[in-house]
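# An overview of the molecular structure
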Amino acid sequence: MGEPILEVKDLKVHFPTPDGVVKAVDGLTFTVHRGETFGIVGESGSGKSVTCLTALGLIKRESAQISGEVLFEGHDLLKLSNEDLRPIRGKGLSMIFQDPFACLHPFYRVGDQIIEAIQCHDSCDKNEAKNRTIGLLDAVGIPQPDDRIRDYPHQFSGGMRQRAMIAMALAHNPSLLIADEPTTALDVTVQAQILELIDHIKQEFNIGVILITHDLGVVADVAQSVMVMYAGRAVEYGSRDEVFSGPLHPYTWGLLESIPNIDRKGGRLVPIEGAPPSLIRVPTGCAFNPRCPHRFDPCDKDRPELLDRGGGHPEACHLRIEDKKRLWNEREAGRVEVAS
Amino acid sequence: MSRAASTNEPTTDTPPEDIAKSSKAVGEPLVTVENLTKRFPIKKGIIFQREVAAVHAVEDVSFAIYPGETLGLVGESGCGKSTTARVLLKLIEPTSGKITFEGEDITNLNKRQMRPMRRQAQMMFQDPYASLNPRQTIGQIIGAPFRIHKMSGEAKPKVQELMERVGLNPEHYNRYAHEFSGGQRQRIGVARALALRPKLIVCDEPVSALDVSIQAQVLNLFEDLQGEFGLTYLFISHDLGVVRHISDRIAVMYLGHVVEVATADELYNNPKHPYTAALLSAVPKGKVGAQVTTRTVLTGDVPSPVNPPSGCPFHPRCPKARQVAGGEGVPENCRDDLPPLGEVVDNHHAACWYPVEETEELAKAAHA
């Protein structure tokens, strides 16, 4: 793993609303390194997207109370003015959005939209920008790029649009690429193509990638580090192997167990009881405690911090580490028994 | 042979009720569809409209569903899954083919004649936000089937009983849909589908809009209800894990055709059609340290159903066809003739000229 490129320290994003303050992100700390795919997993409303939008300065500062630090190449992105942010955004730091159908302007040719993105940061003439666009489209695997740059977005399929979005994001060789649910709107066979492409780009340009997804399978396949989020906070944070082979937080267990297994016909699914909390009235103590089957005395009073309690990687749960290991092993044994 | 000629012939000799039976296949099938085809015309002209082309949404599909069984229908977007379900319930008229429900041919029944059958077959929709009327209370929504079918007696106690059964609080009878979360709304949809005690429920992507933890709750509810009421499901999903979990038997669709039918375990352990094999290998396994199998990455996109390829619909993307031809194009029969849905091994049907061997691993197709 290379040097750190993005450091987020104690990030808080609160939105005041007439009903109360929505604590979308509430104290988040993590580091992304060069050459690493950093997976952020969580259910809808856990604060995954808000974290990244804030880092890019895409959340209006007037509408939210933002505190903490987001360090990128020596700058604190939260303190920069919009003018100072512009040379960084889209150049050093770029983003792929979830919905490739909504992110390309339907009235402009795909090629012109990428040319515009190039000329935004580089004062090169139109011809050079066009040649670079053809090169980029070729790099992301669009056949006959010199013809296809004259196409409109509706002439592209979903997978091709996502490729065009990736080409646009790569226009200035960013050192960090943020992919917000890049494959959620796509079919599995196309998803496999796009994930392979992102992985290939990461290795070729040695950049960092933040992959936001709700699909644990995707993260287990392509990420090196994983952060599991619940109600605006990280509940578990570690390397992929640590988190998937020895998860230490009951929420991660619940997520892993509620996915139907494709390798074997399992027994009954073990869902997490209840529903995710409202971010206006987050439960006191551990936010997960009302849904947690293992809650005990301090859970609804003290909020557990994200600490390494001796399990090898940081997690936020009051249970003793021996108990966690025992409980996870029991749950795993139980599942194998049901299946066989 | 031209494509037009090949599609006019039935693509299988096996009667639909004998295609890949599961252990639950006893007695007479509840629903049978035979050679079902649906084409949507594309018209041009303002006053004198003429048909210039057609979207081949469903092409010569045959299958049967036995009472108490769950048939899973998988495939990528645009492959005709939802159209098949809608035609099966006659929400759309089929272009040709035959639909039988409980032994009665319902293909040519009109709206009024369909009424009694509608009580027996209900549908669940994908989007829990769009499928509930925002201006009706939950009580009105779940009670609608009783009103429509002019059932006598007070509906409220029945509705509240249903709400309790699907895990909703019966005191929320007078609330509106926006007051509920996605998972709860989907439970409302289940209660509505269940109101008339139907025999068949067609579920069109019922869990794909839900978060994983909620998805598991709803899937468990489906299983419980099946046990309790002896329901039969046609379960449509693009999520291969979900389909395997819930189904006894699975049919895989590609570009309007059913390309493979087998029991769930058989299909996942031993896919015969190269498309199924590629589809399964494309799913992220979600497990670290699992044996790393070569992922068959399909190149290109699904072709347009307006202009489907000749012969086997999968041949332009098929890694196996290229392997058989030795890297130079595809074999002639793949290109020209539509393969029939035939029994490849015991109780396992696939429509392929060169089915995948059990031990074979498809070569990873190169990036185009």
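As a reminder, the structure under discussion sits directly above these lines.
Quick summary incoming for the structure in this document. Here the residue numbering is sequential within each chain, running from 1 through the sequence in written order. Chain A is the first chain written and ligand 1 is the first ligand written, with later ones labelled in order. Residues qualify for local features only when their pLDDT is at least 70, as the model is predicted, and side-chain atom pairs are given and counted only at 80 or more; totals for whole chains, interfaces and linings, by contrast, use all residues. Excluding hydrogens and water, the side-chain values take into account all heavy atoms of the structure.

### What to know about the side chain of glutamine 113 of chain A
Residues and elements named next belong to chain A. Comment: elements are numbered from the N terminus, with helices defined as DSSP H or I runs of at least four residues and strands as E runs of at least two. As for its placement among the helices and strands, glutamine 113 is situated in helix α3 (residues 110-121). Relative accessibility decides the category of a residue: with a 1.4 Å probe and only protein chains considered, values under 20% of the type maximum give buried, values over 50% give exposed, and everything between is partly exposed. Of the residues examined, glutamine 113 reaches a relative accessible area of 10% and is grouped as buried. In protein, a polar contact requires one atom able to donate a hydrogen and another able to accept it; more generally it is a pair of N or O atoms within 3.5 Å, and residues adjacent in sequence count only if both atoms are side-chain atoms. There is a polar contact of 3.0 Å between the side chain of glutamine 113 and the backbone oxygen of tyrosine 108. By definition in these notes, contact holds between two residues if any of their heavy atoms fall within 4.5 Å. The residues touching glutamine 113, leaving out its near neighbours within four places in the chain, are Leu104, His105, Tyr108, Pro153 and Met168.

### Regarding a nonpolar patch on the surface
Patch rule: a residue counts if its relative accessible area is over 30% and it has no salt bridge; like charges are joined within 9 Å, and nonpolar side chains (Val, Leu, Ile, Met, Phe, Trp, Tyr) within 5 Å. Here the open area of atoms and residues is found with the Shrake-Rupley method and a 1.4 Å probe, where only the protein chains shown may cover a residue. Put simply, a salt bridge is a Lys or Arg side-chain nitrogen that is within 4 Å of an Asp or Glu carboxyl oxygen. There is a patch of nonpolar side chains on the surface, built from Ile42, Val52 and Val306 of chain B and spanning about 190 Å² of accessible area. The exposure class of valine 306 of chain B is partly exposed, given its relative accessible area of 31%.

### Some words on the sheet that holds strand β12 (residues 348-350) of chain B
Strand pairing in a sheet relies on backbone hydrogen bonds, with the paired strands running either antiparallel or parallel. Residues and elements named next belong to chain B. Pairing between two strands requires that DSSP report at least two bridges joining them. Spatially, the 8 strands line up as an open sheet ordered β6-β7-β8-β3-β9-β10-β12-β11, and their pairing is mixed. Each edge of the open sheet is held by one strand with a lone partner, namely β6 (121-124) and β11 (342-345). Geometrically, the sheet is characterised by an average inter-axis angle of 25° between neighbouring strands, direction not taken into account. Note: strand β7 (residues 200-204) against strand β8 (residues 232-236), 5 bridges, orientation parallel. Bridging across to β8, valine 202 finds its partner in leucine 234. Axis definition: a line fitted to C-alpha atoms, limited for helices to the stretch in contact. Angles are taken between N-to-C directions and run from 0 to 180 degrees. Where helix α7 (residues 212-229) meets the sheet, it contacts β3 (70-74), β6, β7 and β8, and its direction lies at approximately 155° from that of β8. Strand contacts of helix α10 (residues 274-282): β9 (249-254) and β10 (257-263), with the helix running at about 100° to β9, the strand carrying the most contacts.

### So, the packing of aromatic side chains
Residues and elements named next belong to chain B. Each pair of aromatic rings taken from Phe, Tyr and Trp, with Trp reduced to its six-membered ring, is defined by centres within 6.5 Å and is described as stacked if the planes are under 30 degrees apart, edge-to-face if over 60, and tilted in the remaining cases. Taken as a whole, this structure holds 11 aromatic pairs over all chains when the rule is applied. Centre to centre, the rings of phenylalanine 222 and tyrosine 233 are 5.5 Å apart; their planes meet at 90°, and the pair counts as edge-to-face. Of this pair, phenylalanine 222 sits in helix α7 while tyrosine 233 is found in strand β8, placing the two residues 11 residues apart along the sequence. Phenylalanine 222 gets classed as buried once you look at its relative accessible area, which sits at 2%.

### Examining the pairing of strand β3 (residues 37-41) of chain A
All names here are of chain A. β3 sits mainly inside the fold: 5 of its 5 residues count as buried. Residues of β3 alternate between two faces, with Thr37, Gly39 and Val41 on one and Phe38 and Ile40 on the opposite face, all of them buried. The pairing of β3 with strand β8 (residues 208-213) spans 5 bridges and is parallel. When the bridges of β8 are listed, threonine 37 appears paired with valine 209. Looking at chain direction, β3 and strand β9 (residues 225-230) are connected through 4 bridges and run parallel. Among the inter-strand pairings, isoleucine 40 is bridged to a residue of β9, identified as methionine 227.

### Focus: the pattern of salt bridges
Across all of its chains, the model carries 30 salt bridges over all chains by this definition. Across the pair aspartate 76 of chain A and lysine 79 of chain A runs a salt bridge, and its minimum N-O distance is 2.9 Å. Of the charged contacts, one joins glutamate 102 of chain B and lysine 199 of chain B as a salt bridge, the two residues approaching to 2.8 Å between their closest N and O atoms. A residue pair is termed long-range when its members are at least 10 positions apart, and glutamate 102 of chain B in the loop between β4 (96-101) and β5 (104-105) and lysine 199 of chain B in the loop between α6 (182-194) and β7 qualify at 97 residues. According to the relative accessible area criterion, glutamate 102 of chain B is partly exposed, its value standing at 43%. For lysine 199 of chain B, a relative accessible area of 34% puts it in the partly exposed group. Salt bridges here are not isolated pairs; linked through shared partners, they connect Arg320, Glu322, Asp323, Arg326 and Glu330 of chain A.

### Focus on the environment of threonine 232 of chain B
Residues and elements named next belong to chain B. Examined against the element boundaries, threonine 232 turns out to sit in strand β8. Residues threonine 232 and isoleucine 201, 31 residues apart in the sequence, show an inter-C-alpha distance of 6.3 Å. For threonine 232, the side chain forms a polar contact with the main-chain nitrogen of glycine 68, separated by 2.9 Å.

### Points about unusual backbone geometry
As a rule of thumb, non-glycine residues mostly have phi less than zero, and peptide bonds are mostly trans rather than cis. Its identity as a non-glycine residue notwithstanding, glutamate 181 of chain A has a phi of 50°, on the positive side. By the secondary structure assignment, glutamate 181 of chain A is in the loop between β7 (176-180) and α7 (188-205). Within the chain, leucine 255 of chain B stands out as a residue other than glycine whose phi angle is a positive 50°. Within the element layout of this structure, leucine 255 of chain B appears in the loop between β9 and β10. A relative accessible area of 4% places leucine 255 of chain B in the buried class.

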